[in-house]
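Listed below are the residues making up each chain.
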Amino acid sequence: MNYEEIVCDANNLYRAYKTSVKSSKWKETTQKFMMNFLRYIFEIQDDIINRTLKNGLIQEFTLHERGRVRPITSIQIRDRIVRHVLCDDILLPEVKKHIIYDNCASIKGRGISQQRKRFEIHLHKYYKLHENDGWILFGDFSKFYDNIIHEIAKQELLKLFDDDEFIDWLLTLIFDGFKVDVSYMSDEEYENCYSDLFNKLEYRHIPSEKLTGEKWMAKSVNIGDQLSQVIGIYYPHRIDTYVKYVRQQKFYGRYMDDWYIMNPSKEELEDLLSCIIEIAKEYGIHINRKKTHIVKISSTYKFLQIKYTLTKDGKVIKRINPKRVTTMRRKLKKLSLKVINGEIEYESIENMFRGWMGAHYKLLSKQQRKNLIQLYEELFNKKISVISRKLIVSDASSLAA
């Protein structure tokens, strides 16, 4: 099958539909869609074949995550279905062939746990060669998604598919929905908008009367859109390949906009950073100077919310960021109210908590584990016992009876 046939295939669209509604079945809009899903699937199929597909309406909201405020954009189920087929069946399988192994974000079978594991493996391997004498360059891309340039992102993806006409059409359509109305900008600001740092969170405070549709900026992708995740993996691939293969840095990894390089020479890391900045400029990527720094590998540092220390004996000490525990406590309290109000099913909360505890069990102190489990029991009227680090959850009322 060619790429158009893959996206139009009814089986692929149906599978994408099942994935799209999986986490939002409690919503009224989702339930209405589910009642007539076959009709909607064939409408999508016809729109793609006839090239009459259009971007649906979007909803914007902010998400408070790990101390950050993120501007999130939610798209309609029709759009999510198309994204799933395009990304899951076409883009991701090809992108995975061209990215470095230590780029673990949004890849099935990898993810944040794998990235943390790779960071720890790199620390151990580094110690075997240099003990704990050396440096780590931690880097961060400032407002990464907000400053992705559409044409560059599209052309980088099209290279993987020999500039296929259908992929070009579909990506152009989706990127058109990402465009930002910047009519409020002066002519000088508009002229420099592709090189200047754009902040979408601040943009949302622009009065609507200033957004007249006279000027549009083809930059910034929506956080919350699956295509944006694929772009986030692949967009800085030139930096990844430069560091890993051209400069032959074995101890390098990247998770979206967070990255690191371990090296015994501080001067070499400084030179690498200068070269990375030059490549980043070509892609409109801005290096966050406040979060980009070089530290001793023997000191204590944080990567992906975990604190690490490489001791002189080669032991890696890991500790969870206390703010992560506080965030989880607040999240459980909010989710318990949603369960009471019937907005979300309890089973999804239990699965989330099991997964979180499984990923962080070794990083939590005994008191932190005890307090979290006790809070969960009180909020959801459950009794939890831990056997071989696995949570056994039972109904507290049935045990009392």
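Everything here concerns the structure above.
Residues numbered from 1 in each chain as written. Predicted model: local features only at pLDDT ≥ 70, side-chain atom pairs only at ≥ 80, totals over all residues. Heavy atoms only, no water.

1. Re the pairing of strand β14 (residues 390–395)
Worth spelling out the cut-off: A pair of strands is considered paired only if DSSP assigns at least 2 bridges between the two. Where helices and strands are cited, they refer to DSSP runs of H or I of at least four residues and of E of at least two residues respectively, numbered from the N terminus.
Sheet topology places strand β13 (residues 382–387) next to β14; six bridges connect them, and they run antiparallel. For Lys 383, the partnering residue across the bridge sits in β14 and is Ser 394. Taking the residues that link successive antiparallel strands as the turn, the β13-β14 hairpin has two residues, and the phi of Ser 388 there is positive, at about 50 degrees.

2. Considerations on the nonpolar core
For clarity, the cut-off: Among buried residues, those of type Ala, Val, Leu, Ile, Met, Phe, Trp, Tyr and Cys that are joined through side-chain atoms within 4.5 Å constitute a nonpolar core. Buried means the residue's accessible area, taken with a 1.4 Å probe over protein chains only, is under 20% of the maximum for its type, while exposed means over 50%, and partly exposed covers the values in between. We call two residues in contact whenever any of their non-hydrogen atoms come within 4.5 Å of each other.
Within the largest apolar cluster, 113 residues are counted, with the highest numbers of intra-cluster contacts made by Phe 119, Leu 123, Ile 136 and Tyr 301. Considering every element that reaches this core, the biggest residue donor is helix α5 (residues 77–98), with ten residues. Beyond its immediate stretch of four places on either side in the chain, Phe 119 contacts Ile 136, Phe 138, Tyr 260, Met 262, Tyr 301, Phe 303 and Tyr 308. Within the second largest apolar cluster, seven residues are counted, among which are Val 180, Met 185, Phe 198 and Tyr 203.

3. Concerning the side chain of Gln 114
Secondary-structure assignment places Gln 114 in helix α6 (residues 111–130). Filtering out sequence-adjacent residues up to four positions away, Gln 114 remains in contact with Tyr 101 and Cys 104.

4. Things to note about the environment of Met 185
Following the sequence through the fold, Met 185 ends up in the loop between β4 (180–181) and α9 (187–191). Spatially, the C-alpha atom of Met 185 lies 16 Å from that of Ser 220, the residues being 35 residues apart in sequence. Other than its neighbours up to four places away in sequence, Met 185 contacts Tyr 190, Cys 193 and Lys 215.

5. With respect to helix α14 (residues 322–340)
Counted only if it meets this: The span expected for a helix works out to 1.5 Å for each residue beyond the first. Here, the arc refers to the directions that run from the helix axis to the C-beta atoms.
Here α14 is 19 residues long and its end C-alpha atoms lie 28 Å apart, about the 27 Å a rise of 1.5 Å per residue gives. For α14, the set of buried residues is Arg 324, Val 325, Met 328, Leu 332, Leu 335 and Ser 336. Looking straight down α14, one finds its buried side chains confined to an arc of 115 degrees; they lie on one side. Looking at α14, the residues exposed on the side facing more than 90 degrees away from the buried face are Lys 323, Arg 330, Lys 334 and Leu 337.

Without other data, these values stay purely geometric and don't point to any function.
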